[in-house]
Amino acid sequence: MKYSGIGGQAVIEGIMMKNGDRYSTAVRKPDKTIAVMEDKYESLTTRMPILGLPFLRGIFSFIDSLVLGMKTLSYSASFFEDDEDSKPSKFEEKLIAIFGDKLDKVIMGVTMFISVIASIAIFMVLPMLLSNIIKLKVDNYYVIAIFEGIIRIAIFIFYIKMISRMEDIKRTFMYHGAEHKCINCIEHGLELNVENVMKSSKEHKRCGTSFIIIVMMISILFFMVIRVDTIWLRAVSRIVLVPVIAGVSYEFLRIAGRSDFWLVNLISKPGLWMQGLTTKEPTPDMVEVAIAAVERVFDWRVYLEENF
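Residues numbered from 1 in each chain as written. Predicted model: local features only at pLDDT ≥ 70, side-chain atom pairs only at ≥ 80, totals over all residues. Heavy atoms only, no water.

## Description of a nonpolar patch on the surface
Then comes step 1: A surface patch of nonpolar side chains, amounting to about 560 Å² of accessible area, comprises Leu129, Ile231, Trp232, Leu233, Val236 and Val240.
Then comes step 2: No other element matches helix α9 (residues 231-240), which puts five residues into the nonpolar patch.
Then comes step 3: One can find isoleucine 231 in helix α9.
Then comes step 4: Under the relative-accessibility criterion, isoleucine 231 is labelled partly exposed at 44%. (Patch = residues over 30% accessible without salt bridge, like charges linked within 9 Å, V, L, I, M, F, W, Y side chains within 5 Å. Areas by Shrake-Rupley, 256 points an atom, 1.4 Å probe, with all protein chains shown as cover. Salt bridge = Lys/Arg side-chain N within 4 Å of Asp/Glu carboxyl O. Helix = DSSP H or I, 4+ residues; strand = E, 2+ residues; numbered from the N terminus. Buried < 20%, exposed > 50% of the residue type's maximum accessible area, 1.4 Å probe, protein only.)

## Details of the nonpolar core
For soluble globular proteins, nonpolar side chains are generally found buried alongside one another.
Then comes step 1: Within the largest apolar cluster, 27 residues are counted, with the highest numbers of intra-cluster contacts made by Met17, Cys182, Ile186, Leu192, Val197, Val294 and Phe298.
Then comes step 2: Within the residue set of this core, elements represented by two or more residues are β1 (6-11), β2 (14-19), α6 (167-187), α12 (284-297) and α13 (300-307).
Then comes step 3: With nine residues, α12 is the largest single contributor of residues to this core.
Then comes step 4: If near-sequence neighbours (up to four positions away) are discounted, leucine 192 is found in contact with Cys182, Cys185, Ile186, Val197, Ile291, Val294, Glu295 and Trp300.
Then comes step 5: Within the second largest apolar cluster, 16 residues are counted, among which are Ile218, Ala246, Tyr250 and Ala256. (Core = buried A, V, L, I, M, F, W, Y, C linked by side-chain atoms within 4.5 Å. Contact = heavy atoms within 4.5 Å.)

## Re the sheet that holds strand β3 (residues 22-28)
Then comes step 1: Sheet architecture is open: four strands sit in the order β1-β2-β3-β4, paired in antiparallel fashion. With one partner strand each, in any of the chains shown, β1 and β4 (34-40) form the two edges of the open sheet. Here the strands of the sheet are splayed against their neighbours by 15° on average, with no regard to which way each runs.
Then comes step 2: On the sheet, α12 packs against β1, β2, β3 and β4 and is oriented at approximately 155° with respect to β3. (Pairing = 2+ DSSP bridges. Axes fitted to C-alpha atoms, helices over the stretch in contact; angles between N-to-C directions.)

## Some words on unusual backbone geometry
Then comes step 1: At lysine 32, a residue that is not glycine, the phi angle is positive and equals roughly 80°.
Then comes step 2: Given a relative accessible area of 60%, lysine 32 falls into the exposed group.
Then comes step 3: With a phi angle near 75°, phenylalanine 55 is a residue other than glycine that sits in the positive phi range.
Then comes step 4: Here phenylalanine 55 lies in the loop between α1 (44-47) and α2 (57-77).

## Here we look at the packing of aromatic side chains
Then comes step 1: Under the counting rule described, the total for this entry stands at eight aromatic pairs.
Then comes step 2: Ring geometry for tyrosine 75 and phenylalanine 79: centres 5.2 Å apart, planes at 90°, overall edge-to-face.
Then comes step 3: Connected via pairs of aromatic rings, a cluster forms that spans Phe123, Phe156 and Tyr159.
Then comes step 4: One cation-aromatic arrangement involves arginine 238 over phenylalanine 223; the distance from NZ or CZ to the ring centre is 3.9 Å.
Then comes step 5: In this structure, arginine 258 packs its charged tip against the face of tyrosine 3, placed 4.0 Å from the ring centre. (Phe/Tyr/Trp six-rings, centres within 6.5 Å; stacked < 30°, edge-to-face > 60°. Lys NZ or Arg CZ within 6 Å of the ring centre and 35° of its normal.)

## Some details on the side chain of lysine 181
Then comes step 1: Mapped onto the fold, lysine 181 is located in helix α6.
Then comes step 2: Once residues lying within four places of it in the same chain are set aside, the contact partners of lysine 181 are Val197, Met198, Lys199, Ser200, Ser201, Lys202, Glu281 and Pro282.

## Notes on the layout of surface pockets
Then comes step 1: Counted as a void, the second largest pocket has a volume near 220 Å³.
Then comes step 2: Tyr41, Val67, Lys71, Ser74, Asp104, Lys105, Met108 and Met112 together form the lining of the second largest pocket.
Then comes step 3: Elements with a contribution of two residues or more to the lining of the second largest pocket: α2 and α4 (103-131).
Then comes step 4: In terms of residue count, α4 provides more of the lining of the second largest pocket than any other element does, four residues in total.
Then comes step 5: Among the residues forming the lining of the second largest pocket, the class breakdown is four nonpolar, one polar and three charged. (1 Å grid on protein atoms, 1.4 Å probe; cavity = no way out; pocket = protein on both sides within 12 Å on 5 of 7 lines; lining within 4 Å. Points joined across faces, edges and corners; volume = space filled by probe spheres on them. Nonpolar A, V, L, I, M, F, W, Y, C, P; charged D, E, K, R; others polar.)

Here is the structure:
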């Protein structure tokens, strides 16, 4: 496997692929044609190089991925609006009057803020509160920290299992698989075509799912070492340490994406197993969309000549 530097995410009926500061979003429109949008995104670490320092860059790369992800999701959703001629409600009219052309950005910002707060509450604070249950039977801080980590992972698995029942999410997971297959196809030296992509693996070590699992695994180690006895201080520590844990996890993911060392592969296994839930086998027409996104921002032919 040769590191290519490209990455992406699934969107509504499509794929976003990013290479450096260039990204493209390919969407299968209702009329079955493929629309491809290409643009540039200047990351926070590019604008402020100090944010690109090791362990710090992971925090701001995560913010960049949220911003770009929301932007590309909004683009893909625009092809599937039910009634473009419907009039806005009175509440929508008031928002338009207040924010004008900036309304979409405001909505995106509020949505991101609520999503982050909800994620921290559900996946960091709630497991901590639930882990207090075993204090009635066990008074060992390390056992409680491990139990908290197990609860955190169980909640995440339950959440993925529940949303995967939705038809739209199932299709998104299939596009997620197509994204991984394209990258694996290229990084294993194969020509980028539907046949080769379909034969490639749908699991990849640089996946966001792997990042989340690594965060959860590293959080167990952090919370075992950093001991806080009062419940409210424990809750605060879970919130405050999120950026630190994310920074450490990001550095490991960078190493994992470039290395085939046995220990790195071993630690990456849980994330790859979890991708069994968040990636599904795509159809050939989904792979065509993924290839369209890749080819707009990445010259895979030159890459294969230089590396294989």
